[in-house]
Amino acid sequence: MKKKILIFLSIIFVLVIAILLFKKFSHKEQKIKVLESVKVKRGDIKDVIDATAIVKTQVNAYVKVGARATGEIQEMNVDIGDYVKKGELIAVIDQRELKKEVDRLKAELKKSEANLQEIEKVYPLKIKEAEENLKKAKANYDYAVWNFNREKELLKKGFTTKKDYEKAEMDMKTAKANLDYAEASLRRLKKEYKVKLKEAKSSLNSIKENLEKAKIRLSYTEIYSPIDGVVSKITARKGETVVAGLQVANLITILNPKKLEVRIYVDETDIGKVKEGQKVIYYVDAYPNKRFEGVISKIYPEPIVKENIVYYMAIVKVKPEYAKFLRPEMTVYTKIITGVKHNVLLIPNSALKFEKGKQYVYKVVNGKVVKTYIKTGVMGENYTEIIEGLKEGDIVATKLIIPFKTKPAVH
């Protein structure tokens, strides 16, 4: 009997000890332990939208170089992927016939120039000689008229013979004929000089025009790069024949690698905050530690639907100095800075908690943890703006241990 009583008392003692230990340890577990905390402070905060993007070439990044001459490709100096500079000779089409035409016209030009020079040299001399002859003919005529008038007066007075009078008259008529001929010759030479000079100049100009056209046609056989860039496409190779305007519309396509853009897929819920001119910071996997910057240059009005999600395209032009790092079709991670607020109350994002659509933090007051509901504004990458519920200098927990079923005081 005594043995049974001892066993019963022992069991009661163990139960009492167990209850006491349970109460002791369960009380400790109910206490919230704050591991890290910070003070509410004032500062600047950026309203940032994270979005995925892709590197694309701009619409005008490609230059398609066409062939304006018909013939066999004699030289193709580039291949796909080659870098070319503006003005570099990249291809040559058969030039033989065009070169012969240029040489023929050059020879004609020399003849025409020599003919013009001959006319300009000879005719002024002929005209000068004709003018001298005219002067002489005029002097002879004037003398013949004087002599005729003198013989006429002498005949009236009987101091000369009829024969001398008739001879003087004949000399006058002959001198007049010579004068008329000299005048006509001078007029003819001047007119002829004018006509031949005009014809020679016209012929020379015509040959020059034809030569210039031939040179232009010859220039079409030499294809130069219009820009600095990379050859992205070639539609014909050396030895193939091209027909201008028929077979090969674009012989070579050159990409300007500096004309790139970042196309950002902005979610429809965020597009209302995105505007042209806003700053964008972006990164690519190839250079994870390199930061790129730009601004939104335009926003496309048409939506893009991907996996039942509506996006709108925002465009950021890539700076030329970034072109050596970025390549078309690279995936980009962007941060659009839609606004900046200065001197506002801030807490770390890690302090922010959510419960049934409400936001709260754990505020530390005199060593006690108080659950405090708050109203927030802009949420940045690391900090959140506090509009109501906290003041500068308040301490909030950023890292803590909350025991199961613990109900801290609510403020």
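What you see is a predicted model; the values in this text were computed from it and never measured.

> Mind showing me how you'd approach the pattern of salt bridges here?
Opposite charge on two side chains permits them to pair, given that their charged atoms come into close proximity. All chains considered together, the criterion is met by 20 salt bridges. For Arg 96, the salt bridge goes to Asp 94, with nearest N and O atoms at 2.9 Å. Using a relative accessible area of 57% as the deciding quantity, one classes Arg 96 as exposed. Among the salt bridges present, the one from Glu 355 reaches Lys 371, with a minimum N-O distance of 2.8 Å.

> How do you make sense of the packing of helix H2 (residues 96–157) against helix H3 (residues 162–219) when you look at a structure like this?
A pair of packed helices is captured by two measures, namely the crossing angle of their axes and the spacing between those axes. Here H2 crosses H3 at 165°, and the two axes come no closer than 7 Å. By the criterion of interaxial angle, the relationship of H2 to H3 is roughly antiparallel. As H2 runs across H3, the sense of the crossing is left-handed. The residue inventory of the contact of H2 with H3, partitioned by class, reads 33 nonpolar, eight polar and 24 charged.

> What am I meant to see in the nonpolar core here?
Side chains of nonpolar character tend, in soluble globular proteins, to be buried together. Ranked by internal contacts, the top residues of the largest apolar core, which has 22 residues, are Val 262, Ile 264, Tyr 282, Leu 326 and Ile 336. Apart from residues no more than four positions distant in its own chain, Ile 264 is found in contact with Ala 51, Thr 52, Ala 53, Val 280, Tyr 312, Met 313, Ala 314, Val 316, Thr 334 and Ile 336. If you look at the next biggest cluster of nonpolar residues, it comprises 21 residues, including Ile 127, Leu 134, Leu 197 and Leu 218.

> Explanation requested: the sheet that holds strand E6 (residues 89–93) in the structure shown.
One key point about sheets: their strands pair by backbone hydrogen bonds, in either a parallel or an antiparallel sense. As summarised here, the arrangement of the four strands in space is E7-E6-E4-E9, forming an open sheet in which the pairing is antiparallel. In this open sheet, the two strands that pair with only one neighbour each are strand E7 (222–224) and strand E9 (241–242). Judged from the three bridges that link them, E6 and E7 form a sheet pairing that is antiparallel. By the bridge assignment, Val 92 is partnered in E7 with Glu 222.

> Where do I start with the pairing of strand E2 (residues 41–57) in this structure?
A regular strand places its side chains on the two faces of the sheet in alternate fashion. The pairing of E2 with strand E15 (residues 331–348) spans 13 bridges and is classified as antiparallel. Pairing of Arg 42 across the sheet is with Leu 345, part of E15. Inspection of the sheet shows E2 paired to strand E11 (residues 260–267) by five bridges, in the antiparallel sense. The partner of Ala 53 across the bridge, within E11, is Ile 264.

Definitions and limits used
- Residues numbered from 1 in each chain as written.
- Predicted model: local features only at pLDDT ≥ 70, side-chain atom pairs only at ≥ 80, totals over all residues.
- Heavy atoms only, no water.
- Salt bridge = Lys/Arg side-chain N within 4 Å of Asp/Glu carboxyl O.
- Buried < 20%, exposed > 50% of the residue type's maximum accessible area, 1.4 Å probe, protein only.
- Axes fitted to C-alpha atoms, helices over the stretch in contact; angles between N-to-C directions.
- Helix = DSSP H or I, 4+ residues; strand = E, 2+ residues; numbered from the N terminus.
- Parallel < 35°, antiparallel > 145°, perpendicular 65-115°, else oblique.
- Left-handed = near helix turned anticlockwise from the far one by under 90°.
- Nonpolar A, V, L, I, M, F, W, Y, C, P; charged D, E, K, R; others polar.
- Core = buried A, V, L, I, M, F, W, Y, C linked by side-chain atoms within 4.5 Å.
- Contact = heavy atoms within 4.5 Å.
- Pairing = 2+ DSSP bridges.

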